[in-house]
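Coordinate analysis (summary)
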Amino acid sequence: MTSTMCNESRTVPDTNLTDDEAAAYGRYAGVPSQADLERVFFLDDEDRALIDRRRGEHMKLGFSLQLVTVRWLGAFLEDPLDVPTVVLDFVAEQLEIADPSTAKRYIERVKTKLDHQWEIRRVHGLREFTAAEAELREWVAARSWTSGDGPKAIFTDAVGWLRERRVLLPGLTTLTRLVAQVRDDTTRRLWDVLEGRLTVGQRYVLDQLLEVPPGSRVSDLERWRKGPAPRGSGPTMIKALDQVAEVMGLGMADLGAEALVPPRRLAELAKYGMNADASQLRRHGDGCRLATLVATVRLLEAKSVDDTLELLDLLMAIELLNKAQTAANKETIRKHPKLAKASARLAVAVEALFESDGWGGPQEEPGVAEVWEAIEAVVSRAELRAALVLVNQNVAPADASDPDDWRTELVARYTTVSGFLKVLPKVIEFGANAEGAAVLAAMQMLPDVLAYRSRLTAPLIPAKMIDAAVVNGPWKRLVFGHPAHSGGHGGGAVNRHAYTFCVLEQFYRHLKRREIYADASTKWRDPQAQLLEGEQWAQVRPDVLTALGLPTSPDALLAEHTRTLDAAYRQVGGRLVANTEVHVDDAGKIHLTGVKAIEEPPPLVDLRARTTAMLPRVDLSEVILEVMSWEPQLVEAFTAVSGGRSRLEDLPTSIAACLAAHSMNVGYRPIAKKGVPALERSRLSHVFQNYFRPETLAPANAPLVARQSGLPLAQAWGGGLVAAVDGMRFVVPVPAAFARPNRKFFGSRRGMTWLNAMNDQGIGRGAKVEIHRHAPQSRADPP
C-alpha cells in the first residue's frame, strides 16, 4: 500500500529497481540482440551526414558511439567506450572501419567528448534535465496525487515521460530522490487536507475508536470492521442497522472528503485502516492517524450499508421468499386430493347442466327445478356447495394475474420483518429513479404504517394510511380483501401485514435492479452517480488525463481502436468462411460441432503410471520453500501492510508455512511448532494478517507464471491461447452472506460455487464466487 505509508522517518523509499530499469542509467542489461542492433544502432543517412563531418576514424567511431548510446539509453555515458563489444563492432562495420580498437584515441581529449555531446543535443533537440525538472515534478505530483502508485511504478513511467519529451535522463539517485520527495509531499498533503477538515470534537471521537470501551474486549473500530454475523434474520438486521446508525452518527460524510481527495487515495488509506491493528494506528503521528481514520470511517459507512443490504438480500431470498414458496408448494400438494375431488363433483354438475340444453322442444327452456333434479341425480346439493366453497378458497380468481399462494405464506412471517422495517428507511438514505420512486415513497411511509395504533381488529388498519397505487394485481386480494369498515376511519380497512410485504417485496425487486439505490453504499448505489460531468469533470480532467497518459482529444485514439477492431473482425470473419467446425445461423447464433471423446491409448495409461511412480513424495511446505529459492521475487512481493521493510527474521519460512496452511485448508495447528520462532502460532497469525492481501498475492504470482511460461513443456502446450474454466461447489457449513440453497447441488443445505480460470501458461489466473439463488426447478441461476 504505497499511499498509506505512515513511517515519517523514511524519506527516500527503496525503489528495488531491476536491471532493465537501471539500464536506463548507464548500465547495459546484458548484450543487445541482433534485432535491437538493427533497430537502434543502425546509422541512417542523417546520422552519416553528422558523422562525415568528423576527421579521423577514431573521431567518427567515438561520435557514432555517443550518438547511438543516447538513443538507446536516453543519456550519455561517462565513458563513451563503455559499451558491449557487439555494439562497437556493429557500429565500426557500418563505418567500414577495419580496426575498432582505434576508438581508444577518442577519449584522449576530454573536451572533444563534451563538444560532440553538445552538437548531438542541438541537432536532435535534446534537453537537459534541469530545463524539464519543474515540469516533471508537476507530472509526478499529479500522478502521485490521483493514482497513489508506488515509487517503482512512478519511477518507471517518469523515465518514459522524459524519453518521450527528448529530455536527457539524470542520474539514478537524482530521479529516485525526486520521485520519493514528491510522493512524500503529496502524501503529507493528503493527510493535511483530511486532518484540516476535522473539528476538535471529531478528532477526539476518532481517537476514541482505537480505545477499548469498558466491558468490551475489542475497540469500536475492530467491532465495526468485523460487522454483524451474516445471518438472514430480523434480529441480525436490527444489529446491522444499529451499526449503520453508529457509524453514520460520526458525521464523516459531512466533511466532503471525496470532493477534496481522489477516490483512489482515499480508498487506499481506508484499506490500510481496515487491516492495521489499533495499537499500530495509535503509534502514527496525528496527520497520518487521523487521515487514516477519516478514510476508514468513510469506508465503514459504505461497508455497513453494504452488509445491511446484503443481509436484507439474504433474508428475502432465503428466509422469506424461498421458504414461503416452499411452504406454498407443500400446502398445494396437501390440498390437491381434496381439490381434485371437489373439482370432479363440480365437473359432473356442469356436465349435467350442459345436457339440459336438449330438453323440451326447440322453443322451450328447461326449468330450474328440472336442472337441479338432473344434477342431484349424480351429486347432492350439499356436496356441490361444499365443493364450490373448497374451490373458491384454494383457487385464485380467474382474473388474477398471478397465484397468491406463496404471498399468503409470506404474510404469515410478518413478525420477522416488522422490527427492522421501522428503522430501515430512517437509518439508510435511499434514492430512486422514475420506475422506483412510488415504491420508495411507500417504503419511507412504512414506519408510520407499522407504528399506527389501529382501533380495528388486527391486522386491519384504515385505508387512508397506505398508498393504494403501489398495491399491484397479485397483492390486491390480500391487501383489500376485507369488507368496507364504516366507522369514520377512512371508509375502508386494509390488511397491514399484507401491505407491508407488498411494499417490501417490490422494494426488494427494485433494489436488485438498482431502480432504488443507497447513495452511501458501494454495491447498491446508483451506477450513474459516480460519473463526473460539468464543472466536477473540468476540475479533475487535467490530472486524470495526465495520470492515464491519454490525449486531450480522443479522436486519434478512437480512430486507432476502430481500425484495430475492424481488422480483428475481418480476420475472424475470414476464418469462419473456411472453418467447417463452426457456423453462424440466420439469427446470429454461433454453433460449434461437437467434439467426440478420444479413448486413452494403452501407452498413455502406462506413461501416466510410470510418471506417478517416479514423482518423489515430498511435503507441500518443502516444495514452496524450494520454489522460493528459485524465485526471490516471490518473497520480496510480500511487503508489510504499513509499507515499510520487514525486520522479521526467517520471513520466507513463515510465508511458506502460511501458504501451506491455507492452501491445504488445515489451519496453523499442524504447521506451527513451539520453539521455532518462524513457526510459532502467533508469528504465523501476524504474518498472514500483515503480509497476505491482494496487493501482495498478485505480484507474488507474477514470477511463478513467468517461470512456468518459460518451461519447454509449457511452450510445447501453447502460447497462452488455450484456456478453460472449471467450477468447484462447496457446502458452506457456517453462516455466510453469499451462500445460497440449491437442492440439485447442496441438498437441504447452502453452498457456493468457486469458478477458476486457467490456461496453458498459468493456473488460477482468475476466480469468482458464483451465488446460487433459489431455483424452484433445482437449477442454479447465473451469478
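Another aspect to go through is the overall build of the protein. In terms of helices and strands, the protein carries 34 helices and 10 strands. Looking at the 783 residues of the protein, the share that counts as buried comes to 39%. For the protein, restricting intrachain contacts to residue pairs at least 6 apart in sequence, the fraction spanning at least 24 positions comes to 71%. Total accessible area on the protein stands at roughly 44800 Å², and carbon and sulfur atoms take up 54% of it.

Turning our attention to the environment of Glu195. You can see Glu195 is positioned in helix 9 (residues 172-196). In this structure, Glu195 is in contact with Arg203, Asp286, Gly287 and Leu290, ignoring residues within four places of it in sequence.

Moving on: the pattern of salt bridges. Scanning all chains against the criterion turns up 27 salt bridges. A salt bridge links Arg137 to Glu133, with the nearest nitrogen and oxygen atoms 3.6 Å apart. In this pair, Arg137 and Glu133 both sit in helix 7 (residues 129-147), four residues apart, roughly one turn of the helix. Between Arg707 and Glu631 there is a salt bridge, with the nearest N and O atoms lying 3.1 Å from each other. Residue Arg707 is located in helix 32 (residues 694-709), and its partner Glu631 is located in the loop between helix 28 (620-630) and helix 29 (632-636); the two are separated by 76 residues in the primary sequence. Counted as one network, the salt bridges with shared partners bring together Arg143, Asp149, Asp157, Arg264 and Glu268.

Bringing the nonpolar core into the picture now. Core analysis: the largest hydrophobic core is formed by 55 residues, its most contacted members being Leu312, Leu424, Phe430, Tyr499 and Phe507. Within the residue set of this core, elements represented by two or more residues are helix 12 (234-248), helix 16 (286-355), helix 19 (405-411), helix 20 (414-421), helix 22 (437-451), helix 23 (473-480), helix 24 (496-512) and strand 4 (516-518). The biggest single contributor to this core is helix 16, with 13 residues. Each residue touching Phe430, except ones within four places of it in the same chain, is listed here: Leu309, Leu424, Leu440, Gln444, Phe507, Leu511, Ile516, Tyr517 and Ala518. Residues Met252, Leu255, Ala270 and Cys288 belong to the second largest nonpolar core, which totals 32 residues.

Averaged over the protein, the pLDDT score is 81; the fraction of residues at 70 or greater is 86%. Ignoring residues within four places in sequence, the model shows residues 7-29, a span with pLDDT below 50, making 54 contacts including any to other chains. In this model, residues 486-490 is a region of pLDDT below 50 whose contacts with residues beyond four sequence positions or in other chains number four contacts.

Note that the residue after Ala458, namely Pro459, is joined by a cis bond; omega there is 5 degrees. Along the polypeptide, Pro459 turns up in the loop between helix 22 and strand 2 (460-462). The backbone phi angle of Arg166 is positive, close to 55 degrees, even though this residue is not glycine. Among the secondary structure elements, Arg166 is positioned in the loop between helix 8 (151-164) and helix 9.

If you trace the backbone, Thr146 turns up in helix 7. A residue is classified by how much of its surface remains accessible, and Thr146, at 16% relative accessible area, is buried. Engagement of the side chain of Thr146 in a polar contact is seen with the backbone oxygen of Ala142, the distance being 2.7 Å.

What follows concerns the packing of aromatic side chains. The tally for this structure, following the rule as stated, stands at six aromatic pairs. Ring centres of Phe430 and Phe507 lie 5.1 Å apart, and the angle between their planes is 90 degrees; this geometry places the pair in the edge-to-face category. Within this pair, whereas Phe430 is found in strand 1 (residues 430-432), its partner Phe507 is found in helix 24, the two being separated by 77 residues in sequence. As far as the burial class goes, Phe430 and Phe507 line up, both buried.

Once that is clear, we can look at the packing of helix 4 (residues 57-73) against helix 5 (residues 85-94). Two elements in contact, helix 4 and helix 5, have axes separated by 10 Å at closest approach and are oriented at 120 degrees. Between helix 4 and helix 5, the angle is such that the two are oblique. You can see that helix 4 and helix 5 cross each other, and the crossing is right-handed. For the pair helix 4 and helix 5, contact is made by Leu61, Ser64, Leu65 and Val68 and by Val87, Leu88, Val91 and Ala92, respectively. Looking at side-chain class alone, the contact of helix 4 with helix 5 contains seven nonpolar, one polar and no charged residues.

Here we come to the packing of helix 22 against helix 24. Geometry of a packed helix pair, given as the angle between the helix axes and the separation of the axes. Close contact between helix 22 and helix 24 brings their axes to 10 Å; oriented N to C, the two are set at 145 degrees. As for the relative orientation of helix 22 and helix 24, their crossing is left-handed in sense. Touching Val439, Leu440, Ala442, Met443, Leu446, Val449 and Leu450 of helix 22 are Arg496, Tyr499, Thr500, Val503, Leu504, Gln506, Phe507 and His510, all from helix 24. For the contact of helix 22 with helix 24, the per-class residue count stands at 11 nonpolar, three polar and one charged.

Another aspect to go through is a nonpolar patch on the surface. A grouping of Val572, Leu576, Val584, Ile590 and Leu592 is seen on the molecular surface, where their side chains present a nonpolar patch of about 490 Å² in accessible area. Every element with two or more residues in the nonpolar patch is listed here: helix 26 (555-578) and strand 6 (590-592). Within the secondary structure, Ile590 sits in strand 6. Using a relative accessible area of 61% as the deciding quantity, one classes Ile590 as exposed.

Let's shift gears to the environment of Ala498. Inspection of the secondary structure puts Ala498 in helix 24. Exposure remark for Ala498: the relative accessible area of 1% places this residue in the buried category. Distance in space between the C-alpha atoms of Ala498 and Leu478 is 5.9 Å, their sequence separation being 20 residues. The residues touching Ala498, leaving out its near neighbours within four places in the chain, are Val411, Trp475, Leu478 and Val479.

The rules behind these values
Residues numbered from 1 in each chain as written. Predicted model: local features only at pLDDT ≥ 70, side-chain atom pairs only at ≥ 80, totals over all residues. Heavy atoms only, no water. Helix = DSSP H or I, 4+ residues; strand = E, 2+ residues; numbered from the N terminus. Buried < 20%, exposed > 50% of the residue type's maximum accessible area, 1.4 Å probe, protein only. Contact = heavy atoms within 4.5 Å. Areas by Shrake-Rupley, 256 points an atom, 1.4 Å probe, with all protein chains shown as cover. Salt bridge = Lys/Arg side-chain N within 4 Å of Asp/Glu carboxyl O. Core = buried A, V, L, I, M, F, W, Y, C linked by side-chain atoms within 4.5 Å. pLDDT = per-residue confidence, 0-100. Polar contact = N/O pair within 3.5 Å; in protein donor to acceptor, adjacent residues only side chain to side chain. Phe/Tyr/Trp six-rings, centres within 6.5 Å; stacked < 30°, edge-to-face > 60°. Axes fitted to C-alpha atoms, helices over the stretch in contact; angles between N-to-C directions. Parallel < 35°, antiparallel > 145°, perpendicular 65-115°, else oblique. Left-handed = near helix turned anticlockwise from the far one by under 90°. Nonpolar A, V, L, I, M, F, W, Y, C, P; charged D, E, K, R; others polar. Patch = residues over 30% accessible without salt bridge, like charges linked within 9 Å, V, L, I, M, F, W, Y side chains within 5 Å.

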